[in-house]
Amino acid sequence: MIEARRGLRFLLNDEEIALADAAPDETLLDWLRLRRSLRGTKEGCAEGDCGACTVLVGRLCGGQLVYEGVNACIRFLGSLDGCHVVTVEHLKGRDGTLHPVQQAMVDFHGSQCGFCTPGFVMSLYGLWMRSPDPSDEEIEKALQGNLCRCTGYEAIIRAARAVSSYGQGGTDALALERDAVASRLKAMRDGRRVEIGEGRQRLVVPASVDDLAAVLEAEPAATIVAGSTDVGLWVTKFMREISPAVFIGGLQELQAISEANGFVTIGAGVSYSQARSFLAQRIPALGTLIDRIGGDQVRNMGTIGGNIANGSPIGDMPPPLIALGATVTLRRGGERRSVPLEDFFIAYGKQDRRPGEFVEALHVPLPKDGAHFSVYKVTKRRDEDITAALGAFHLGIEGGTVSSARIAYGGMAATPKRARAVEAALTGQPWSQETVEAALAAYDEDYQPISDMRASAEYRMLAAKNLLRRFFIETTGTKKPFTVKRYEEA
Ligand SMILES: Cc1cc2nc3c(=O)[nH]c(=O)nc-3n(C[C@H](O)[C@H](O)[C@H](O)COP(=O)(O)OP(=O)(O)OC[C@H]3O[C@@H](n4cnc5c(N)ncnc54)[C@H](O)[C@@H]3O)c2cc1C
Ligand code: FES
Ligand code: FES
């Protein structure tokens, strides 16, 4: 084993940083504002909701330099080794002129009190880099994770539409620096594990997946940190200690997604953004669902493996993956075992993960030809909201009769859970309105939901039943599926 490096190395704008004293729970936002005096990046909510803290993080992905907007408030320094952090201070041209995104925000009055503005600018900058002339839908998606209490958004959207008419940003800092930055990041890669601090101050960045397995065998109680969109809030909202923290976000071996023999294999470190188009092509309902998870920043950071490992009863990925019949591969040291995903969730907050084990991958069977698969997420608002109830339906229908049924819900029990009684009431029956109405009684056998701030028990039960009705209506073609795109069209 090569000796561990005792510090993080990354780029901040155009400066090379070497940090030997990063704490495991030190957020990028605190570091920027308190230690670097870069106060353009704001703190609004400190929980990934408002986007005031948006910065771009660039990393090498298969040799390509990719920039993504992230929430600095819930991103830890330990996740930045080998990355390029770009803050709003880096946007203006070398001659001091505003970047097209900034100039458009000025000209279209996209800013009032200004508190949210750097975050919007960074999100729009990220959008402009990947899509210089975006559609309204792209603009809305890019801004799902940014809140403004002043402008009413229309001015910001007008600015976003206009950016393309400000030229293609020939003097844009990142465009000019791209090759140089890629070379600098490559030069930082030394293939070594990073270890900093001891006891309550300990953080580890494994060098590879094998190294991660070794680290966790030696320290089975360590906190695994992937995208930190859950763990970040443990720190900023619940003041929990996470040391020793093991950062796995840089392990590209965990970020592969592939299809073979009727299965999709998703590495535990694949983010929602990385998975989105791949899954949307093969299982369209999952693409639509991903668009409603968090905002762009959360989707860029958060991983599907983290959603599974976290085991929340209102996590969005478990129900559809259970309905599809997915299995999860767990690894400890060199040993692997495979568990049906539905058996992985044992009780509230308790998963079938042994000390020292980590989630390595998910294996998802593709729906068979002719099978029907849909997912419906019920929330108080369309964008960036946590599930009140979510239903995933996977039915085989042959000759008008239900030949197989796998149905799972989130938000209806202490864990993501299959609706086995409902499935039994449907299987072997004609796929008809009468069968559906008769099966509704079985929901009481499957679920006893609770009331909380997101929904009452009665609401959850009624919504869950209505989702089955909706699935019936959509699969039988009696009505077209309806999706809210822009509110004024609804
Ligand atoms: C603003 C906001 C909006 C959100 N919206 C949604 C939403 O709409 N729907 C939804 O489902 N979730 C949502 N979330 C929650 C979160 O984004 C997801 O649960 C996400 O998938 C977690 O992934 P992560 O990589 O960030 O996990 P982390 O926060 O890094 O880790 C989560 C848990 O999983 C463990 N873990 C991570 N990777 C592994 C691994 N490979 N092996 C073993 N354990 C592991 C960690 O130790 C921790 O216990 C939201 C979060 C925020 C902040
Ligand atoms: S401060 Fe609100 S998302 Fe970070
Ligand atoms: S301009 Fe005031 S919060 Fe957006």
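Residues numbered from 1 in each chain as written. Chains lettered and ligands numbered in written order. Predicted model: local features only at pLDDT ≥ 70, side-chain atom pairs only at ≥ 80, totals over all residues. Heavy atoms only, no water.

With that settled, the discussion passes to the overall build of the protein. When helices and strands are tallied, the protein shows 18 helices and 20 strands. Its C-alpha atoms give the protein a radius of gyration of 23 Å, near enough to 23 Å, the size a compact globule of 490 residues would have. With the model as given, the accessible surface of the protein reaches about 20800 Å², and the carbon-plus-sulfur share is 51%. The protein carries 56 positive and 61 negative side-chain charges, and their two centres are separated by 1 Å. (Helix = DSSP H or I, 4+ residues; strand = E, 2+ residues; numbered from the N terminus. Rg over C-alpha atoms; globule rule 2.2 N^0.38 Å. Areas by Shrake-Rupley, 256 points an atom, 1.4 Å probe, with all protein chains shown as cover. Lys, Arg positive; Asp, Glu negative; His and termini not counted. Charge placed at Lys NZ, Arg CZ, Asp CG, Glu CD.)

Taken N-terminus to C-terminus, the directions of helix H2 (residues 100–107) and helix H3 (residues 117–130) make an angle of 130°; their axes are 9 Å apart at the nearest point. On the basis of their axis angle, the class for H2 and H3 is oblique. Considering only the axes of H2 and H3, their crossing is right-handed. Contacts between H2 and H3 pair Val101, Gln102 and Met105 from the former with Thr117, Phe120, Val121, Leu124, Tyr125 and Trp128 from the latter. The residue makeup of the contact of H2 with H3, split by class, is 7 nonpolar, 2 polar and no charged. (Axes fitted to C-alpha atoms, helices over the stretch in contact; angles between N-to-C directions. Parallel < 35°, antiparallel > 145°, perpendicular 65-115°, else oblique. Left-handed = near helix turned anticlockwise from the far one by under 90°. Contact = heavy atoms within 4.5 Å. Nonpolar A, V, L, I, M, F, W, Y, C, P; charged D, E, K, R; others polar.)

By the definition in use, this model includes 36 salt bridges. Among the salt bridges present, the one from Arg382 reaches Glu140, with a minimum N-O distance of 3.2 Å. Of this pair, Arg382 sits in the loop between strand E17 (372–378) and strand E18 (389–398) while Glu140 sits in helix H4 (residues 136–142); the two residues are 242 residues apart in sequence, bridging distant segments of the chain. For the residue pair Arg382 and Glu140, the accessibility class agrees, reading buried in each case. Between Arg470 and Glu474 there is a salt bridge, with its nearest N and O atoms 2.8 Å apart. Of the two residues, Arg470 and Glu474 are both situated in helix H18 (residues 457–475); the distance of 4 residues between them amounts to about one turn of the helix. Using a relative accessible area of 32% as the deciding quantity, one classes Arg470 as partly exposed. Residues joined in a network through salt bridges with shared partners are Arg5, Arg9, Asp81, Asp190 and Arg192. (Salt bridge = Lys/Arg side-chain N within 4 Å of Asp/Glu carboxyl O. Buried < 20%, exposed > 50% of the residue type's maximum accessible area, 1.4 Å probe, protein only.)

Sheet architecture is open: 5 strands sit in the order E2-E1-E5-E3-E4, paired in mixed fashion. Whereas interior strands pair on both sides, the edge strands pair on one side only; in this sheet they are strand E2 (15–19) and strand E4 (64–71). Ignoring which end each strand starts from, the neighbouring axes of this sheet average 30° apart. Relative to E4, strand E3 (residues 54–61) is paired through 8 bridges, and the arrangement is antiparallel. Residue Thr54 lies in a different strand from E4, and its bridge partner there is Asn71. (Pairing = 2+ DSSP bridges.)

A separate point is the site of ligand 1. The environment of ligand 1 is formed by 36 residues, the closest being Ile224, Thr229, Asp230, Tyr272 and Thr303. Within the contact set of ligand 1, an oxygen atom lies 2.8 Å away from a backbone nitrogen or oxygen of Ala226. Between ligand 1 and Asp316 there is a distance of 2.7 Å, counted from an oxygen atom to a backbone nitrogen or oxygen. Looking at the shell around ligand 1, the elements that each hand over two or more residues are strand E8 (223–225), helix H8 (231–236), helix H12 (304–310) and strand E16 (358–365). Take the shell around ligand 1: its biggest share by element is 4 residues, from H12. A breakdown of the residues in the shell around ligand 1 according to their chemical character gives 16 nonpolar, 11 polar and 9 charged. A domain-level breakdown of the shell around ligand 1 finds at least three residues from each of domain 1 (8–89 + 176–247) and domain 3 (372–475). (Near = heavy atom within 4 Å. Polar contact = N/O pair within 3.5 Å; in protein donor to acceptor, adjacent residues only side chain to side chain. Domains from an automatic or database assignment.)

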